[in-house]
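# Descriptive structure summary
Letter by letter, the chains look like this.
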Amino acid sequence: MTQLIDTEPVVGDDVVLLTVPADGGYLSVLRTATAGLAARLHFALDEIEDLRIAVDEACAMLLAIATRGAELECRFTVTDDALTVEVTVATVRGARLPSESSFAWKVLTALTTSAAAEANGRQATIRLLTRRTEF
């Protein structure tokens, strides 16, 4: 379930790191940060809302497999025309993310330019890339 996304920051990229408890009550912080950064890139209002929903869905997927007391680490990489959101959490042993054919993944791929995930038995990461549409 891994799809390659070019997320390596380069000189000139802005990177914002945000860590919150792995608890649904803190997801509004990540949604607000997502909207603010997308607005900075002059995303259209519907693109901003789609990205907020995608981040919320990705976090919900990760919360379902997070260890007790874990933290969601969110890395936002801002480029001239795109926003990459990478969310990572420590996971319970044997945790698996939903398959790419699941409804959750259909939502992520419909709302973003690309989505990818990886889980290694100790942590899981979901990466979302959204490019601004040109007018």
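All residue numbers here refer to positions counted from 1 along the written sequence of the relevant chain. Per-residue local features of the predicted model are confined to residues with pLDDT of at least 70, and side-chain atom pairs are confined, for both listing and counting, to 80 or more; whole-chain, interface and lining totals are unaffected and use all residues. Side-chain numbers come from the whole structure's heavy atoms, not from hydrogens or water.

The name given to the protein in an unreviewed UniProt entry is Anti-sigma regulatory factor, with the source organism recorded as Actinoplanes hulinensis.

Now for the packing of helix 1 (residues 27–40) against helix 2 (residues 45–63). At a closest axis distance of 9 Å, the pairing of helix 1 and helix 2 adopts a crossing angle of 145 degrees. Note on packing geometry: the crossing formed by helix 1 with helix 2 is right-handed. On helix 2, the residues touching Leu27, Leu30, Arg31, Thr32, Thr34, Ala35, Ala38 and Ala39 of helix 1 are Ile48, Leu51, Arg52, Val55, Asp56, Cys59 and Leu63. In this classification, the charged set is Asp, Glu, Lys and Arg, the nonpolar set is Ala, Val, Leu, Ile, Met, Phe, Trp, Tyr, Cys and Pro, and all remaining amino acids, among them Gly, are polar. For the contact of helix 1 with helix 2, the class distribution of residues is ten nonpolar, two polar and three charged. Note on definitions: angles span 0 to 180 degrees between N-to-C directions of axes, and those axes are lines fitted to C-alpha atoms, for helices only across the stretch in contact. The secondary structure listing takes helices from DSSP runs of H or I that are at least 4 residues long and strands from runs of E that are at least 2 residues long, numbered from the N terminus. Less than a right angle of anticlockwise turn of the near helix away from the far helix marks a crossing as left-handed, whereas a clockwise turn marks it as right-handed. Contact criterion: two residues are considered in contact whenever any of their non-hydrogen atoms come within 4.5 Å of each other.

Inspection of the secondary structure puts Arg131 in strand 5 (residues 123–131). Residue class for Arg131 comes out partly exposed when judged on its relative accessible area of 40%. Other than its neighbours up to four places away in sequence, Arg131 contacts Phe43, Glu47, Asp81, Ala82 and Thr113. In this scheme, a residue with accessible area under 20% of its type's maximum is buried, one over 50% is exposed, and one in between is partly exposed, where area comes from a 1.4 Å probe on protein chains only.

Positive phi, close to 65 degrees, is recorded for His42, a residue that is not glycine. Structurally, the position occupied by His42 is in the loop between helix 1 and helix 2. The exposure class assigned to His42 is exposed, which follows from its relative accessible area of 63%.

Of all nine residues in strand 3 (residues 82–90), eight are buried, a share of seventy percent or more. Strands are labelled as partners when DSSP assigns at least two bridges between them. Where strand 2 (residues 71–78) lies against strand 3, six bridges are found, and the strand directions are antiparallel. By the bridge assignment for strand 3, Arg75 is matched with Glu86. For strand 3 and strand 5, the ladder comprises nine bridges, and the chain directions are antiparallel. Bridge assignment links Thr84 to a residue of strand 5, and that residue is Leu129.

The working definition used for a salt bridge is a side-chain nitrogen of Lys or Arg within 4 Å of a carboxyl oxygen of Asp or Glu. Under the criterion given, the structure shown has six salt bridges. The partner of Arg31 in a salt bridge is Asp56, with the nearest N and O atoms 2.6 Å apart. With Arg31 in helix 1 and Asp56 in helix 2, this residue pair connects regions lying 25 residues apart in the sequence. A salt bridge links Glu118 to Arg127, with the shortest nitrogen-to-oxygen separation between them at 2.8 Å. Owing to a relative accessible area of 37%, Glu118 belongs among the partly exposed residues under this scheme. Note on Arg127: relative accessible area 14%, which makes it buried.

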